[in-house]
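Remarks on the overall topology
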Amino acid sequence: MGVPCEPAPAALIAGITFAGRDVLESVMEILQADFGPLEFSGPEFAFDMTDYYRDEMGENLYKQFFCFRDPVELDRLPEIKLRTNGIELRLAREEN
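Not measured: the values here are computed from a predicted model.

1. Side note on the overall build of the chain
Along its length, the chain carries 3 helices and 4 strands. Tracing the chain from N to C terminus, the helices and strands come up as β-α-β-β-α-β-α. Overall size of the chain, expressed as C-alpha extent along the three principal axes, is 50 × 30 × 20 Å. By the burial criterion, 27% of the 96 residues in the chain qualify as buried. Pairs at least 24 apart in sequence give 74% of the contacts found in the chain among residues at least 6 apart. Total accessible area on the chain stands at roughly 7000 Å², and carbon and sulfur atoms take up 53% of it. Of the side chains in the chain, 9 bear a positive and 19 a negative charge, and the two mean positions are spaced by 2 Å.

2. Describing the pattern of salt bridges
Within this structure, the stated rule accounts for 5 salt bridges. Taken together, the salt bridges that share partners define one network made up of D51, R54 and E59.

3. Some thoughts on unusual backbone geometry
At N60, a residue that is not glycine, the phi angle is positive and equals roughly 55°. Tracing the chain through its elements places N60 in the loop between α2 (54-57) and β4 (62-68). Here N60 falls in the exposed class, since its relative accessible area comes to 61%.

4. Brief notes about the nonpolar core
In terms of nonpolar packing, the biggest core is built from 17 residues, with I16, M28, L31 and F68 touching the most fellow members. For this core, the elements supplying multiple residues, two or more each, are β1 (13-18), α1 (21-35), β4 and α3 (77-95). Tallying contributions element by element places α1 first for this core, with 7 residues. When neighbours within four sequence positions are excluded, I16 is seen to be in contact with L24, V27, M28, L31, Y62, K63, Q64 and F66.

5. Quick look at the environment of A19
In this fold, A19 is placed in the loop between β1 and α1. Under the relative-accessibility criterion, A19 is labelled partly exposed at 45%. Between the C-alpha atom of A19 and that of F40, which follows or precedes it by 21 residues, the distance is 21 Å. With near-sequence residues (within four places) excluded, A19 lies in contact with M57, N60, L61 and Y62.

6. Some details on the packing of aromatic side chains
With the rule as written, the count across this model stands at 5 aromatic pairs. On the basis of an interplanar angle of 20° and a centroid distance of 6.3 Å, the ring pair of F45 and F65 is categorised as stacked. Here F65 lies in strand β4 and F45 lies in strand β3 (residues 45-46), a separation of 20 residues in the sequence. Residue classification places F65 among the partly exposed residues on the basis of a relative accessible area of 39%. Ring geometry for Y52 against Y53: centres 4.9 Å apart, planes inclined by 85°, an arrangement best described as edge-to-face. What links up through ring pairs into an aromatic cluster is the set F47, Y52 and Y53.

Procedures and definitions
What you see as residue numbers is a count from 1 along each chain, following the sequence as written. For this predicted model, a pLDDT threshold of at least 70 governs which residues receive local features, and a threshold of 80 or more governs which side-chain atom pairs are given and counted, while totals over whole chains, interfaces and linings are taken from all residues. The side-chain quantities take in all heavy atoms of the structure and omit both hydrogens and water. For helices the rule is a DSSP run of H or I covering at least 4 residues; for strands it is a run of E covering at least 2, with both sets numbered from the N terminus onward. Think of it in three bands: with a 1.4 Å probe and only protein chains considered, a residue is buried below 20% of the maximum accessible area for its type, exposed above 50%, and partly exposed in between. Contacts: residue pairs with any heavy atoms within 4.5 Å of one another. The protein chains shown are the only cover counted for residues, whose accessible areas, like all others here, come from Shrake-Rupley with a 1.4 Å probe. When charges are counted, Lys and Arg contribute as positive and Asp and Glu as negative, whereas His and the chain ends are disregarded. A charge is said to be at NZ when it belongs to Lys, at CZ for Arg, at CG for Asp and at CD for Glu. Throughout this description, the term salt bridge denotes a Lys or Arg side-chain nitrogen within 4 Å of a carboxyl oxygen of Asp or Glu. Buried Ala, Val, Leu, Ile, Met, Phe, Trp, Tyr and Cys residues that are joined via side-chain atoms within 4.5 Å together make up what is termed a nonpolar core. We call Phe, Tyr and Trp rings a pair once their centres come within 6.5 Å, taking the six-membered ring for Trp, and we label the pair stacked below 30 degrees between planes, edge-to-face above 60, and tilted otherwise.

Any functional reading would require information that these geometric values do not contain.
Shown next, in the form of structure tokens:
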């Protein structure tokens, strides 16, 4: 039987969907200022398996995953999600 305990801090991973490299660079600059340096960057790949984002973001989308070096406390995840939503909204406005 498992014994309940506080969860350990965990790696923060971000998957960024983007159309232009300039947007990705802006996002990563902001995220690293907020969450620290990167531990790992995955390869960039064409995000063409769905049309879900086409109306909002256009065509020829790409995606890349990033893992930040410093683990975060899991109770910070709601705050982090709100922060990243705000970044997304701000950059979407700048693009339009």
